[in-house]
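Per-entry structural report
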Amino acid sequence: MVRTDYLAAAASATALLREPAVAAAWDGPSALPRLAVSGLAGHLARQVTRVPEILAADTPGTAPLPLLEHYARSQWVDGDLDGADNVRVRRDGDEEAAGGSAALVALAEGALAELATLLPAQPADRVVELPWAAWSLTLDDFLTTRLLEISVHCDDLAVSVGVPTPPLPPGVAAAVLPLLSLLAARRHGDTAVLRALSRAERAPATIAAL
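Residues numbered from 1 in each chain as written. Predicted model: local features only at pLDDT ≥ 70, side-chain atom pairs only at ≥ 80, totals over all residues. Heavy atoms only, no water.

A word on the nonpolar core
So the rule is basically this: By nonpolar core we mean a set of buried residues, namely Ala, Val, Leu, Ile, Met, Phe, Trp, Tyr and Cys, connected to one another through side-chain atoms within 4.5 Å. Summary of the burial criterion: residues with accessible area below 20% of their type's maximum are buried, those above 50% are exposed, and those between are partly exposed, where the area comes from a 1.4 Å probe applied to protein chains only. The secondary structure listing takes helices from DSSP runs of H or I that are at least 4 residues long and strands from runs of E that are at least 2 residues long, numbered from the N terminus.
Counting residues in hydrophobic clusters, the biggest one holds 54 residues, and the most contacted among them are Y6, L17, L44, F142, L143, I150 and L157. Of all the elements, helix α7 (residues 139–161) adds the most residues to this core, at 10 residues.

Pasting the structure below:
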């Protein structure tokens with residue numbers, strides 16, 4: 001199911017990248033600090049274009065990490081804007097978008113078409129290596145991380161260019177919102193998340209997961 005959900009989310013992200021408002025605001029600032037709209041669009045597109053590269057690599061010989069351990073080890077989650085991981089993310093987004101809006105859309109559309117064939121053919125227990133990390137994940141857990149990225153950054157990009165945030169495709173919210181809740185509880189504690197969701201009078205100022 002996550003593979004089908006991922007393809008739907010990737011199609012939604014690609015449709016947002018095609019919005020004329022994205023090209024019109026290309027060189028302007030985004031809603032995220034230190035990222036132009038172009039760099040944010042590039043980062044969003046990479047959640048689609050990078051997946052065929054990941055699938056083309058050899059299956060690693062190491063056991064995959066559990067999903068929450070992946071986030072616990074990822075320094076960008078709690079890192080500052082000048083941390084190495086966050087600098088890399090911005091650089092990669094800029095490089096992805098270097099050819100301009102139309103070229104970026106073409107890259108995303110090509111990858112999406114490729115993935116429509118590639119993903120259904122992958123074994124149920126497929127493990128993939130993350131080139132930017134020293135560990136691997138199951139394919140389904142990796143795609144879940146991409147669902148989170150697409151969901152969050154579609155909202156970022158839509159807000160940046162003044163268009164409505166695309167609704168999450170069916171099934172995507174069911175994967176992303178529980179994951180964000182668990183990440184929020186890891187950062188702020190279970191009680192903080194419980195109060196934020198059930199007791200407005202005792203809710204903390206934030207339970208931001210990321």
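Focus: the pattern of salt bridges
Rules: One speaks of a salt bridge when a side-chain nitrogen belonging to Lys or Arg is within 4 Å of a carboxyl oxygen belonging to Asp or Glu.
By the definition in use, this model includes 9 salt bridges. As a salt-bridge pair, R46 and E96 come within 3.2 Å of each other at their nearest N and O atoms. Placement of R46 in helix α3 (residues 37–56) and of E96 in helix α5 (residues 84–96) is noted, with a sequence separation of 50 residues between them. Judged on exposure class, the residue R46 and its partner E96 are both buried. Because the salt bridges share partners, they merge into one network encompassing R46, R88, R91, D92 and E96.

Observations regarding helix α8 (residues 172–188)
Our working rule: Each residue after the first adds 1.5 Å to the expected span of a helix. Note on contacts: a residue pair is in contact if any heavy atoms of the two residues lie within 4.5 Å.
Here α8 is 17 residues long and its end C-alpha atoms lie 24 Å apart, about the 24 Å a rise of 1.5 Å per residue gives. Those residues of α8 that fall on the buried side of the exposure criterion are V172, V176, L179, L183, A184 and A185. For α8, the secondary structure elements touched by its buried residues are α1 (2–17), α4 (67–73), α7 and α9 (190–198). At the exit of α8 stands G189, carrying a positive phi of roughly 100 degrees.

Side note on the packing of aromatic side chains
One pair of aromatic rings is described through two measures. These are the centre distance and the angle between the planes. Our working rule: The criterion for an aromatic pair is that two Phe, Tyr or Trp rings (for Trp, the six-membered ring) have centres within 6.5 Å, with stacked assigned to planes under 30 degrees apart, edge-to-face to planes over 60 apart and tilted to the rest.
Under the defined criterion, the tally for this structure stands at 1 aromatic pair. With a centroid separation of 6.4 Å and 45 degrees between ring planes, the pair formed by W132 and F142 is classed as tilted. Within this pair, whereas W132 is found in the loop between β1 (127–129) and β2 (136–138), its partner F142 is found in helix α7, the two being separated by 10 residues in sequence. You can call W132 partly exposed: its relative accessible area is 30%. Residue classification places F142 among the buried residues on the basis of a relative accessible area of 2%.

Quick notes on the environment of G93
Within the fold, G93 resides in helix α5. The contacts of G93, once residues within four sequence positions are left out, are S38, G39, G42, H43 and R46.

Some details on the packing of α1 against α3
In a packed pair of helices, the relevant descriptors are the angle between the two axes and the axis-to-axis distance. Heads up, the rule is: Convention adopted: a line fitted to C-alpha atoms gives each axis, helices being fitted over their contacting stretch, and angles between N-to-C directions are expressed from 0 to 180 degrees. Handedness of a crossing follows from how the near helix is turned relative to the far one, being left-handed for an anticlockwise turn of less than a right angle and right-handed for a clockwise one.
Running from amino to carboxyl end, α1 crosses α3 at an angle of 140 degrees, the nearest separation of the two axes being 10 Å. Once α1 is placed against α3, the crossing between them reads as left-handed. In this structure, α1 contributes Y6, A10, A13, T14, L16 and L17 to the contact, and α3 contributes A41, L44, A45, Q47, V48 and V51.

A closer look at the environment of P120
Within the fold, P120 resides in the loop between α6 (101–118) and β1. Given a relative accessible area of 59%, P120 falls into the exposed group. Along the chain, P120 and A11 lie 109 residues apart, while their C-alpha atoms are 16 Å from each other.

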